[in-house]
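Observations on chain architecture
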Amino acid sequence: MPVPRSIIQQIKQIIPPLNGTLHKGQSGRVGVLGGALDYTGAPFFAAISALRLGADLSHVICSPTAAQAIKSYSPDLIVHPILGEESSYEKVESELRSLLSRLHVLVMGPGLGREGYMQTYARLALSIAREQTLFVVLDADALYMVGKELSLVKGYRRVFKRLSESAGVSPDVPTKERAGEVSRLLGGVVVLEKGPTDLIASDTTGEAASPEASKLDEGDEQRVKEVVEVDVEGGLKRCGGQGDVLSGTVGAMLAWGKCYEDGAFGDGSVPTSRLPLLAAVGGSMVTRTSSRMAFQLQGRGLVTQDMLPLLGKSFSEVFGEDLWAGDKGRL
């Protein structure tokens, strides 16, 4: 079934206006933590997708072994090679605190890998992000990390994550209810389960739900259970990297949500607790649309890079040309 019109209208409320009123950075500053010796493409796809959707700045926080490759992919990305295997924990912590304080969202997992030092730094970054009330997107090997230590995210409702089976969900739970059950067990973390249709779930009715842990306002304390099905047509070709694009688009929309929460634009009527779900739905819709468009052009030869130039056009198709301020300012 189509995404409810009320949700689309709420998503439109958190999209920054293109009318010349905002300064650089007020349309989102995104950080992607990932990128080690063998993994350089994934953090690039996530970070560049955030920019292609409309974020102002995109940072990649990675290992020195990955930095040069990622820098060579695009001059638009700001690359921080601070996650050195031989670096002192204290030095990395200081640099992460400084860097994360300038971001609106942290995307963790694309290209993270499972090496001990990268997983240690990822746990540190997640802890700092929670302290600073950053929105967080968890994917790929960040889910592996959280699966081993669920307390890292339990109760923190500023987190979006792809579906993981490590939250203790009973195998008897029907397939279409699993995402919601994972969310409930983790205290309202928004969960996206990819499939023929994407399911986005948020369930704050469980014992683990904690507005205090997420530093939410009193108006966000209500217990809700919600599942949104995104059935927007996608492409028929599956290839590595498409999930990283999704992480980047969701990250960009969460960054917009943080700017909205901070009062950079909008009327503040959308509750903070709604922002992760809205970002997940919006990111899913745009990513599926760009996959379809790229597949129509490339067919069987589609690669993930073909989707990147189409993210802006996909956004316009999903949310309307008027949100790009029409043709004003275009060459």
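Below is a summary of the structure that appears in this document. Worth saying up front: this structure is predicted, and the values here are computed from it rather than measured.

Right, let's talk about the pairing of strand β4 (residues 105-108) for a bit. Residues of β4 alternate between two faces, with V105 and V107 on one and L106 and M108 on the opposite face, all of them buried. Inspection of the sheet shows strand β1 (residues 29-33) paired to β4 by four bridges, in the parallel sense. Along β4, the bridge assignment pairs V32 with V107. Bridge analysis of β4 against strand β5 (residues 135-138) gives four bridges, and the strand direction is parallel. Looking at the pairing, L106 lines up with V136 of β5. Each parallel crossover has a hand, and the one from β4 via helix α5 (residues 116-131) to β5 is right-handed.

Our next topic: the packing of aromatic side chains. Summed over all chains, the structure comprises six aromatic pairs. For the ring pair F44 and F45, a centre distance of 5.5 Å and an interplane angle of 50° mean the geometry is tilted. Considered together, F44 and F45 belong to a single accessibility category, that of buried residues. Ring centres of F44 and Y73 lie 5.3 Å apart, and the angle between their planes is 65°; on these two criteria the pair is classed as edge-to-face. Taken together, the residues span a long stretch of sequence, with F44 in helix α2 (residues 41-53) and Y73 in helix α3 (residues 64-73) at a distance of 29 residues. The class of F44 is buried, set by a relative accessible area of 8%. In this structure Y73 comes out as partly exposed when scored by relative accessible area, which is 38%. Counting every residue linked through ring pairs, the aromatic cluster contains F44, F45 and Y73. The residue whose ring lies beneath R114 is Y144, and the NZ or CZ to ring-centre distance is 3.9 Å. Seen from the ring of F135, R158 lies directly overhead, with NZ or CZ sitting 5.1 Å from the centre.

Rules behind the numbers
Residues numbered from 1 in each chain as written. Predicted model: local features only at pLDDT ≥ 70, side-chain atom pairs only at ≥ 80, totals over all residues. Heavy atoms only, no water. Buried < 20%, exposed > 50% of the residue type's maximum accessible area, 1.4 Å probe, protein only. Helix = DSSP H or I, 4+ residues; strand = E, 2+ residues; numbered from the N terminus. Pairing = 2+ DSSP bridges. Right-handed = clockwise from strand over helix to strand, strands pointing away. Phe/Tyr/Trp six-rings, centres within 6.5 Å; stacked < 30°, edge-to-face > 60°. Lys NZ or Arg CZ within 6 Å of the ring centre and 35° of its normal.

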